[in-house]
Amino acid sequence: MRILPLTGGSAAWNMAVDEALLDADLFDRPTLRFYEWTEQALSIGTAQRVRHDLRLDRIDGSGVALVRRASGGTAIYHEHQLGISLVVQNGHRLNSPDITESYRPFGELLSSAFAGVGIDAKPLSITEARGIRSAGPVARCCLAGANPYEPFARGRKVAGFAQVRRRDHSLIHAILPIRFDSDRWASLLVSDPWTESELAGELASTVAGLDAIAVREITAGELCDAVWASFEAAGFEMEAGELSLEEKERAIKLSRDKYSQASWTYRL
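Keep in mind that what you see is a predicted model, and the values were worked out from it rather than measured. (Residues numbered from 1 in each chain as written. Predicted model: local features only at pLDDT ≥ 70, side-chain atom pairs only at ≥ 80, totals over all residues. Heavy atoms only, no water.)

Caption draft 1: Layout of the packing of helix α1 (residues 11-22) against helix α10 (residues 245-259). For the pair α1 and α10, interaxial distance at closest approach is 8 Å and the crossing angle is 130 degrees. Overall, the two elements α1 and α10 adopt an arrangement that is oblique. Of the two elements, α1 crosses α10, and the hand of that crossing is right-handed. In this structure, α1 uses A12, W13, M15, A16, V17, E19, A20 and L21 to contact α10, whose residues at the interface are E247, K248, R250, A251, I252, L254, S255, K258 and Y259. (Axes fitted to C-alpha atoms, helices over the stretch in contact; angles between N-to-C directions. Helix = DSSP H or I, 4+ residues; strand = E, 2+ residues; numbered from the N terminus. Parallel < 35°, antiparallel > 145°, perpendicular 65-115°, else oblique. Left-handed = near helix turned anticlockwise from the far one by under 90°. Contact = heavy atoms within 4.5 Å.)

Caption draft 2: Local environment of the pairing of strand β6 (residues 81-89). Burial of β6 is extensive: eight of the nine residues sit out of reach of the surface. As defined by bridge partners, strand β2 (residues 31-37) adjoins β6 across five bridges and the pair is classed as antiparallel. Bridge pairing in β6 places F34 opposite I84. Relative to strand β11 (residues 169-177), β6 runs antiparallel, the two sharing nine bridges. Considered in β11, the bridge of V87 is made with L171. (Buried < 20%, exposed > 50% of the residue type's maximum accessible area, 1.4 Å probe, protein only. Pairing = 2+ DSSP bridges.)

Caption draft 3: Representation of the pairing of strand β4 (residues 65-68) in the model. Where burial is concerned, the two faces of β4 agree: the one with A65 and V67 and the one with L66 and R68 are both buried. Here four bridges tie strand β3 (residues 41-44) to β4, and the two strands are oriented parallel to one another. Along β4, the bridge assignment pairs L42 with L66.

Caption draft 4: A look at the packing of aromatic side chains. Inspection of the entire model under this criterion finds seven aromatic pairs. Relative to W185, the ring of F180 lies with its centre 5.1 Å away and its plane at 50 degrees, an arrangement referred to as tilted. Just as F180 is buried, W185 falls in that class too. Each ring, one from Y259 and one from W264, has its centre 6.0 Å from the other, and the planes form 85 degrees; the classification is edge-to-face. For the pair formed by Y259 and W264, the shared burial category is buried. Feature note: the residues Y77, F180 and W185 constitute an aromatic cluster, connected by ring pairs. (Phe/Tyr/Trp six-rings, centres within 6.5 Å; stacked < 30°, edge-to-face > 60°.)

Caption draft 5: Representation of the state of the cysteines within the structure. Within the structure shown, the criterion is met by zero disulfides. The thiol sulfur of C141 is not disulfide-bonded, and the nearest other cysteine sulfur, from C142, lies at 7.3 Å. Taking the relative accessible area as the measure of exposure, C141 reaches 1% and is therefore buried. (Disulfide = S-S within 2.5 Å.)

Caption draft 6: Expanded view of unusual backbone geometry. With an omega of 10 degrees, the peptide bond running from D192 to P193 counts as cis. Along the chain, the position of P193 falls in the loop between α6 (182-187) and α7 (196-206). Unusually for a residue other than glycine, V215 sits at a positive phi of about 55 degrees. Residue placement: V215 occurs in the loop between α8 (210-214) and α9 (220-233). With relative accessibility at 65%, the residue V215 sits in the exposed group.

Caption draft 7: Structural context of the pattern of salt bridges. Enumeration over the complete set of coordinates arrives at 15 salt bridges. A salt bridge links D28 to R29; the shortest N-O distance between them is 3.8 Å. What makes D28 exposed here is its relative accessible area of 60%. Ionic pairing is found between R256 and D257, a salt bridge with its closest N-O pair at 2.8 Å. Connected through salt bridges with shared partners, the residues D28, R29 and E239 form a single ionic network. (Salt bridge = Lys/Arg side-chain N within 4 Å of Asp/Glu carboxyl O.)

Here's what the structure looks like:
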């Protein structure tokens, strides 16, 4: 498996790289990518309604970049997070043909990584996930939902998953909130019919920053090392690499012509 070491990028760039990794003509081998954001950003799901769910009056001109993802789900505010993308072909042991089951090995590997930094996290079972339903404005926040096998610690979510499927291979995203500011998240989402403080309180009870669980500062680099170690312990051969020239060129084009364009971001 190729490992793309931790890098920082804009919202548009990070989404463009993920799509470039999914390009069937460029796909070479399973790839695990670590990334951060170099700007405050809000990403929305591919089918999310911008004006219905977001406080655009607080986003426009605020310095918060807005980008639409290729994956589903709802809004994620990107600050103090680690992003992880896993791209694998069909038939790989990390890619079940069943969408839900494809999260199982990833959730187990991340839970093992959390143990490496002193966090006791467990993947949510299917039954447990069915018992968690986002209601009202909480549904506008992607991390507040619950997919089976997403890691939870002390009753709160510490990693959120989404995925994009192609005919021959798939990409799974994971967002790990190192710190989680529920007030900031709530300020960017439409809270009606709740108050903003009610939305913030519900988010705080559902999602946890890793620093709150570990009661210490955890760095993105430390998390990357722990994830790498968990994959190695599971028997994967890991090799540090970088984007190919073709992948870089594809990502540049996607960043410029798609993810930076209002016609894509505001299409719904």
